[in-house]
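Residues per chain, in single letters:
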Amino acid sequence: MLIKDVVCPFCGCLCDDLDVEVEGDRIIRVDNACTLGSSTMVGDHRLKNPIRRNGTRWEDTTYDAAIEEAAQILLDADRPVLYGWSSTHGEAQSLGVHLAELIGGVIDSTTSVCHGPSILAIQEVGHPGCTLGQVKNRADLIIYWASNPIDAHPRHMSRYTTYATGFFVQDAQHDRKVIVVDTRRTQSADVADEFLKIKPGGDYAVLLALRAIVRGRADVVPAEVAGVSRVQLIRVAEMCKAAKFGAIFFGLGLTMTAGKNKNVRNAIELTDELNRHTKFIISPMRGHWNVYGSNEVFTWMTGYPYAIDFSRGIAFYNPGETTVIDILSRGECDACLVVASDPAAHFPRSCVEHLAKIPVIQIDPHPNATTHICRLQIPGSVAGIDAAGTAYRMDGVPIRMKSIINTGIPNDTEILQKLYNRVREARGE
Amino acid sequence: MTELIIKNACVFDPMQNIHGDIMDIAIRDGRVVESVRNSADVIDAEGFLTLPGGIDSHSHVCGTKVNFGRYMSPEDMRAGRTARRGKMHVTSGYYVPTTYGNSYRYSAMGYTTVLEGAMAPLEARHTHEEFTATPHQDMLANTLFDGNWSIMEAVAKKDEQRAAAIVAWTLAAVKGFAIKLTNPGGTEAWGWGEDITGIRDTVPNFNVTPADIITTMMKANELLRLPHSVHIHCNNLGRPGNFRTTLETFDLVPDLNPNRQTLYATHVQFHAYGGTTWRDINSKASEIAQAVNAKPQIVMDMGQIMFGRTMTMTADGPMEFNLHCLHHNKWSNHDVELETGSGIIPVLYSKKSLVNCVMWAIGLELALFTKNPYQCLLATDNPNGAPFVKYPEIIGLLMSKRYRDEEFSTLHEGTEQRTSIAAIDREMDWNEIAIMTRAGQAKALGIALQGKGHLMPGAEADVAIYPIKCREVDPATEYRKVVEGFQKTRYTIKRGRVVARDGDVIVEGANSTFWVNPSVPDEHNMAHDKEFVKKFEEYYTVQMGNYPVQDVYLPRGRCIGTEADL
Ligand code: SF4
């Protein structure tokens, strides 16, 4: 059977035009997806049932028993952290918030280790953005700043920017200019009209120089800024001002290098400045397919996009204090529920060491690095494959993920609802 | 069968011409009925002011830009924090509270139905998700068509039927309630960083004017027999001298529907400015009210501002950018492909600012100069003019000249020359307030037939009992009792259940979302229209098949079907 318009559960592009052929409960072919997308849809090494650690061995267990054990772990904890959430659907994220509120825990998402600084910058100066279709239909200038779409978001250029035909941009190759800014020549840089190679850590200075030029103060800019010549900076600033519609897409190279949120703030302020000459927007390249969804759901429920601490009864937010890395590195957390992510593979060593010491429950369909340190792993189905649910694209467009095969595995919402009910019951509510 | 009787209620129900009678209200299975059995539960209203549940016909509480308002302002979230208590979830925020925060506070104030003022169709799913997390009010969503490419193309061809067909398809797809036009044409111009300066300007690349869009959409609206009229945020919001644009827009309005208005103009305070710059801004409320008094086919809401901090958020992207350039505060913008735009910035309305004082006066003047309270409804364009928790103060100001004078004496002294608020003696009565917050709202939205805004047998049993002895209190002098009384009901009853008592929400809510599904003949079904489908395939970034909001997003959806006249 051929299913059309399937949504890809891999990156923040959330491509929704996949054609997928299924046979019974197997996916046998995926069209339109990039290699990252199709290997996610086809390759599947799932855990078949919940497993629990018994001494040094793993033993199989049932969903009910696993949920009971998970509930006990959370009930016994003084400072539980509920972490992950970027690769599950919004309905599960929403239950995560309710659960964290109920047990007075902390809820945080992978945002904490990717675009957290972008959010801090947005909270200071705002965010002139738009949906990706605005860019596709109007933009004649695209800037990829410290992001490498060809590797990380392979269809971003063909669906939304460089190669996408739009209403006002009928001949994309010819009508659009592309600028890439990075510390090394990436594949994306190879297709750019202009490549700014900046010295590592030089983003802030380069952004500042561009802002000065756009404001008409090229005279204060030295001959070279972080490896980029003034001549090139002036050329780029002129390109920006001459564009009818420009779009900046920035990645972790800006958020996770020296300067962090200050870099992003500077980039937003450059965009703001450019709006006094023409139309310009800026957008973070969000990685996981629903990491932005976690920010949205957390925000409408608690007021804050990530790192929310309920231990005081109210929703308390102070990144740097209530963010997962900080809590773990202080050794504060005494139980952790990991949902749809793999902290053991990405966190600093000291944090992983602390996780290894405390009971960790993982709700994830696949065995991964975190499996090695967890006490209990409960596999759920995968949104977009065998579970339906909501996801938010990197630009905030909400899309419904389809369930295209039936595996009979409970989805994350069902698992979390049971867990929530169990905890509530045990607390006599 | 659940039965409830409210005894000794001092009822104001303008639609039934009940003005302060002491009576009982019988409720069975969520509806008002003639009588109930003796075994029914009893609430003693003790002669307190009892009204149909409050309705807000224009508020921003759910969806993309509201949530972005929260997202970008942790400083606000610290302001309204409450802990988890009983059935109440944690809440945060003062001017853009969390969904639960909005819901609980509206409930405490006796509001049971709220219309979200602006939903971008492409992002409708988000609005509906937040609706389900706003458990204590029935919700409705104005759907944005101001910069819709397919609509503008139909308008350019003067094809009202096609415009209607596109509206029908879209409302059904996104589970929307009514047509919203925000700065018609201006949001498309903002796609290029431009704006529209009058209703006769041409929209870049589309060969239509705002006047064309408004005129065509009013007709399309009636062709579809939609419950509500076109709901407009006029061009030129917040610009000195813009009252002319507003009056020109009003001039376009024919009388197309005997049961309700043909145009609903929202937050008219922001559209009633005289003068040429911020320096000589003055009130043109009297001119605007005169036009409305002469045209029963227009209903407006006040868009009252109240002093203090708040957040402005609107689909009017260019206006927000201008405001940003003025205030230099943080600015967010979010344009939506093929449809609309939006912007958000925080503001502080200050008594030290003459402009703000003039704005404050204009909102009140609009209400006080409008003869028929059914034509000027109470709203702040929450949170733009002020958060909705300020409604009780506005009620106090409308009911008491003394309260207005007291406030006025604290304002910038230039206010007197620029406005006529100080000279107005009118003081509203309970009945007029009930109209401006209930009966008029229901009638304008076209939901009286759904059992909203009144307490006739068959009505939804949405009732608010305020701790105000309305036969004893003189609002003109005892306005503090009025303000306090409207802040917290004794009981808020939604569909027959007590949901809030003395300000606390006591049950887990279960709201409904009302949406409209106009039935059109097959030849007008846009799903089969080649040009319309091509638009999706080529220019949207989501597939047409993935665009409609699935039924799961409206767990308690209430569909209002209409038979289109196409
Ligand atoms: S670009 Fe991203 S969303 Fe699109 S197919 Fe590839 S991995 Fe999936």
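Quick caveat, the model's predicted, so the values are computed rather than measured.

Novice: Can you walk me through the overall build of chain B in this structure?
Specialist: Helices and strands together make up the secondary structure of chain B, namely 18 helices and 24 strands. Over its C-alpha trace chain B gives a radius of gyration of 22 Å, about what one expects of a compact globule, namely 24 Å for 566 residues. If you line up chain B on its principal axes, its C-alpha atoms span 65 × 60 × 45 Å. By the burial criterion, 68% of the 566 residues in chain B qualify as buried.

Novice: I would appreciate a short explanation of the site of the ligand in the present structure.
Specialist: Around the ligand, the neighbouring residues are A:Cys8, A:Phe10, A:Cys11, A:Cys13, A:Leu14, A:Cys15, A:Ala33, A:Cys34, A:Leu36, A:Gly37, A:Pro154 and A:Arg155. The residue makeup of the shell around the ligand, split by class, is ten nonpolar, one polar and one charged.

Novice: Can you help me understand the pattern of salt bridges in this one?
Specialist: It is possible for side chains bearing opposite charge to pair when their charged atoms get close. Residues and elements named next belong to chain A. Under the definition given, this model contains 64 salt bridges over all chains. Between Asp 31 and Arg 29 there is a salt bridge, with the nearest N and O atoms lying 2.6 Å from each other. Of the residues examined, Asp 31 reaches a relative accessible area of 28% and is grouped as partly exposed. Residue classification places Arg 29 among the partly exposed residues on the basis of a relative accessible area of 40%.

Novice: Help me understand the packing of helix H12 (residues 354–369) of chain B against helix H14 (residues 401–408) of chain B, please; the structure alone is not making it clear to me.
Specialist: Helix-helix packing: each pair is described by the crossing angle between the helix axes and the interaxial distance. Residues and elements named next belong to chain B. As a packed pair, H12 and H14 sit with axes 12 Å apart at the nearest point and diverge in direction by 165°. With respect to their mutual orientation, H12 and H14 come out roughly antiparallel. Judged by the sense of rotation from one axis to the other, the crossing of H12 with H14 is left-handed. Between H12 and H14, the residues in contact are Trp 360, Leu 364 and Leu 368 and Arg 404, Glu 407 and Phe 408, respectively. In terms of residue class, the contact of H12 with H14 is built from four nonpolar, no polar and two charged.

Novice: It is not clear to me how the interface of chain A and chain B should be interpreted in this structure. Could you clarify?
Specialist: How big an interface is tends to be expressed through the accessible area that disappears when the partners come together. Counting residues at the interface gives 69 residues for chain A, matched by 57 residues for chain B. Both sides of the chain A and chain B interface together cover about 5,400 Å² of buried area, and 53% of this is carbon and sulfur. For the chain A face of the interface with chain B, the top three residues by lost area are A:Lys279, A:Trp300 and A:Arg400, together amounting to 13%. Along the contact surface separating chain A from chain B lie five salt bridges. Among the salt bridges present, the one from B:Glu508 reaches A:Arg424, with a minimum N-O distance of 3.3 Å. Put simply, chain A and chain B have 39 residue pairs in polar contact (both at pLDDT 80 or more) between them.

Novice: Would you mind going over empty space enclosed by the protein with me for this structure?
Specialist: Take a probe with the size of a water molecule and roll it over the atoms, and the empty space left behind shows itself. Tallied over the entire structure, the rule returns ten cavities of 30 Å³ or more. Only helix H4 (116–125), strand S8 (128–130), strand S15 (279–284) and helix H14 (291–302) of chain A together with helix H1 (64–71), strand S16 (332–335) and strand S17 (343–349) of chain B provide two or more residues apiece to the lining of the largest cavity. Ranked by the residues each element gives to the lining of the largest cavity, the list is headed by H1(B), at four residues. For the lining of the largest cavity, the class distribution of residues is ten nonpolar, eleven polar and four charged. Here the second largest cavity defines a volume of roughly 130 Å³. Taken together, 18 residues form the lining of the second largest cavity, with B:Thr64, B:Lys65, B:Ala118, B:Ala120 and B:Glu123 sitting closest to its centre. Listed by contribution, the elements that provide at least two residues to the lining of the second largest cavity are H1, strand S7 (111–119) and helix H4 (124–132) of chain B. Looking at the lining of the second largest cavity residue by residue, the class counts come to eight nonpolar, seven polar and three charged.

Novice: Help me understand the pairing of S15(A), please; the structure alone is not making it clear to me.
Specialist: It is a general feature of regular strands that their side chains alternate between the two faces of the sheet. All names here are of chain A. In terms of burial, S15 is largely enclosed, as six of its six residues are buried. The alternating pattern of S15 places Lys 279, Ile 281 and Ser 283 on one face and Phe 280, Ile 282 and Pro 284 on the opposite face, and all of these are buried. Sheet topology places strand S14 (residues 245–250) next to S15; six bridges connect them, and they run parallel. Of the residues in S15, the one forming a bridge with Phe 250 is Pro 284.

Novice: So what exactly am I meant to see when it comes to the packing of aromatic side chains here?
Specialist: Any pair of aromatic rings gets described here by the distance separating the centres and the angle formed by the planes. Under the defined criterion, the tally for this structure stands at 34 aromatic pairs over all chains. Seen from their ring centres, B:Tyr94 and B:Tyr95 are 6.5 Å apart, and the 75° between their planes marks the pair as edge-to-face. When its relative accessible area of 30% is taken as the criterion, B:Tyr94 is described as partly exposed. Its relative accessible area of 5% is what places B:Tyr95 among the buried residues. Ring centres 4.6 Å apart and planes at 50° place the aromatic pair B:Tyr466 and B:Phe486 in the tilted group. One end of the pair, B:Tyr466, is in strand S19 (residues 463–466); the other, B:Phe486, is in helix H17 (residues 479–487), and 20 residues separate them in sequence. No difference in accessibility class separates B:Tyr466 from B:Phe486, as the two residues are buried. Put simply, the rings of A:Phe167, A:Phe168, B:Trp149, B:Trp192, B:Phe206 and B:Tyr539 touch in pairs and so form one group of aromatic residues. Note that B:Lys443 overlies the ring of B:Tyr374, its terminal NZ or CZ placed 5.6 Å from the centroid.

Novice: Is there a simple way to explain the side chain of A:Gln134 in this structure?
Specialist: Tracing the chain through its elements places A:Gln134 in helix H5 (residues 132–138). Accessibility expressed as a relative area gives 2% for A:Gln134, which makes it buried.

Novice: I tried to follow the layout of surface pockets on my own but got confused; where do I start?
Specialist: Of the voids in this model, the second largest pocket is the one considered here, and its volume is about 890 Å³. What lines the second largest pocket is a set of 32 residues, among which A:Ser94, A:His98, B:Tyr100, B:Thr132 and B:Ala133 lie closest to the centre. Elements with a contribution of two residues or more to the lining of the second largest pocket: helix H3 (90–103), H14 and helix H18 (412–426) of chain A together with helix H3 (99–108) and H4 of chain B. Considering each element in turn, the lining of the second largest pocket owes the most residues, six residues, to H3(A). Looking at the lining of the second largest pocket residue by residue, the class counts come to 13 nonpolar, ten polar and nine charged.

Novice: What is the right way to look at the sheet that holds strand S1 (residues 2–6) of chain A in this model?
Specialist: Backbone hydrogen bonds hold the strands of a sheet together, and the pairing may be parallel or antiparallel. Residue and element names in this part refer to chain A. Reading across the sheet, the three strands line up as S1-S2-S3 and stay open at both edges, with antiparallel pairing between neighbours. Both edges of this open sheet fall to S1 and strand S3 (26–31), since each of them pairs with a single strand only. This sheet shows a mean twist of 30° between the axes of neighbouring strands, independent of strand direction. Pairing between S1 and strand S2 (residues 18–23): three bridges, direction antiparallel. When the bridges of S2 are listed, Val 6 appears paired with Leu 18. This element, helix H1 (residues 35–42), spans S1, S2 and S3 of the sheet and lies at about 170° to S3.

About the thresholds
- Residues numbered from 1 in each chain as written.
- Chains lettered and ligands numbered in written order.
- Predicted model: local features only at pLDDT ≥ 70, side-chain atom pairs only at ≥ 80, totals over all residues.
- Heavy atoms only, no water.
- Helix = DSSP H or I, 4+ residues; strand = E, 2+ residues; numbered from the N terminus.
- Rg over C-alpha atoms; globule rule 2.2 N^0.38 Å.
- Buried < 20%, exposed > 50% of the residue type's maximum accessible area, 1.4 Å probe, protein only.
- Near = heavy atom within 4 Å.
- Nonpolar A, V, L, I, M, F, W, Y, C, P; charged D, E, K, R; others polar.
- Salt bridge = Lys/Arg side-chain N within 4 Å of Asp/Glu carboxyl O.
- Axes fitted to C-alpha atoms, helices over the stretch in contact; angles between N-to-C directions.
- Parallel < 35°, antiparallel > 145°, perpendicular 65-115°, else oblique.
- Left-handed = near helix turned anticlockwise from the far one by under 90°.
- Contact = heavy atoms within 4.5 Å.
- Buried area = accessible area lost by both parts, 1.4 Å probe.
- Polar contact = N/O pair within 3.5 Å; in protein donor to acceptor, adjacent residues only side chain to side chain.
- 1 Å grid on protein atoms, 1.4 Å probe; cavity = no way out; pocket = protein on both sides within 12 Å on 5 of 7 lines; lining within 4 Å.
- Points joined across faces, edges and corners; volume = space filled by probe spheres on them.
- Pairing = 2+ DSSP bridges.
- Phe/Tyr/Trp six-rings, centres within 6.5 Å; stacked < 30°, edge-to-face > 60°.
- Lys NZ or Arg CZ within 6 Å of the ring centre and 35° of its normal.

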